[in-house]
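Coordinate analysis (summary)
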Amino acid sequence: MAKKPSSAEQVAVFIQSLDHPLMDVIKALREIISATDKHIEEEIKWNAPAFFYSGEMKPSDPKGYNKYIIVFNLFKKDSIRLVFPGGAKIKDTSGLLEGDYADGRRLAIFKGMDDVRLKESDLRKIIMRWLELIDN
């Protein structure tokens, strides 16, 4: 019997099957997010790569999706949008997180590899701030 692929393998297959003009940006962002902390894992959720905290957490309502850090939004062809479901909780002084959605989500938008290089440090800092906010 074939072994079920891991979530990371499923994400890799998902990305390989994409037809997106910013594939290099997708791959670079995936690597940056995954490498930011050893407790960040990935899976396909909401029909896109999603990154979540896999460490110890205080019990919470699973419908709050508190463990989810970032979800890719791949619908636009001219940019990659990273959705931070709890982005409003992060005190972002860099300006990377955009939007003022009532549900608390915020977006980081990347239009090419120059954007990735320019915003990488801020992206890592925001991820680390989010991890600090997670009750463990």
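With that settled, consider helix α1 (residues 7-17). Quick reminder: α-helices carry 3.6 residues per turn. Residues three or four places apart thus point the same way. Of all the residues in α1, the buried ones are V11, F14 and I15. For α1, the angular spread of buried residues about the axis comes to 95°, placing them on one side. Counted as exposed and oriented over 90 degrees from the buried face of α1: V13, Q16 and S17. Contacts from the buried residues of α1 go to α2 (23-36), β1 (40-45) and β2 (48-53).

Attention now moves to the nonpolar core. F72, L82, F84 and L123 are the most contacted members of the largest nonpolar core, which totals 38 residues. For this core, the secondary-structure elements that each account for two or more residues are α1, α2, β2, β3 (68-73), β4 (80-84), β5 (106-110) and α3 (113-133). The leading source of residues in this core is α2, at 7 residues. Those residues in contact with F84 that sit more than four places away from it in its chain are I69, I70, I90, L97, G104, R105, R106, A108, L123, I126 and I127.

Where α2 meets α3, the axes come as close as 10 Å, and the angle between the chain directions of the two elements is 25°. As the angle between them shows, α2 and α3 are arranged roughly parallel. Every pair of crossing elements has a handedness; the one defined by α2 and α3 is right-handed. Of the residues in α3, those touching α2 at D24, V25, A28, L29, I32, I33, A35 and T36 are M113, V116, E120, L123, R124, I127 and M128. Partitioned by chemical class, the residues of the contact of α2 with α3 number 11 nonpolar, 1 polar and 3 charged.

This paragraph deals with the packing of aromatic side chains. Aromatic rings in a pair are described by how distant their centres are and how their planes are angled relative to each other. All told, the structure shown has 3 aromatic pairs when counted by the stated rule. Seen from their ring centres, W46 and Y68 are 5.3 Å apart, and the 65° between their planes marks the pair as edge-to-face. Of this pair, W46 sits in the loop between β1 and β2 while Y68 sits in strand β3, and the two are 22 residues apart along the sequence. Their ring planes at 45° and their centres at 5.9 Å tell us that F51 and F72 sit as a pair that is tilted. A residue pair is termed long-range when its members are at least 10 positions apart, and F51 in strand β2 and F72 in strand β3 qualify at 21 residues. Exposure class is identical for F51 and F72. Each is buried. Put simply, the rings of W46, F52 and Y68 touch in pairs and so form one group of aromatic residues. Positioned over the ring face of F52 is K67, at 4.6 Å from the centre of the ring. Between the NZ or CZ atom of K119 and the centre of the ring of F110, over which it lies, the distance is 5.3 Å.

What counts as what
Residues numbered from 1 in each chain as written. Predicted model: local features only at pLDDT ≥ 70, side-chain atom pairs only at ≥ 80, totals over all residues. Heavy atoms only, no water. Buried < 20%, exposed > 50% of the residue type's maximum accessible area, 1.4 Å probe, protein only. Helix = DSSP H or I, 4+ residues; strand = E, 2+ residues; numbered from the N terminus. Arc of directions from axis to C-beta. Contact = heavy atoms within 4.5 Å. Core = buried A, V, L, I, M, F, W, Y, C linked by side-chain atoms within 4.5 Å. Axes fitted to C-alpha atoms, helices over the stretch in contact; angles between N-to-C directions. Parallel < 35°, antiparallel > 145°, perpendicular 65-115°, else oblique. Left-handed = near helix turned anticlockwise from the far one by under 90°. Nonpolar A, V, L, I, M, F, W, Y, C, P; charged D, E, K, R; others polar. Phe/Tyr/Trp six-rings, centres within 6.5 Å; stacked < 30°, edge-to-face > 60°. Lys NZ or Arg CZ within 6 Å of the ring centre and 35° of its normal.

So yeah, pure geometry; function would need other evidence.
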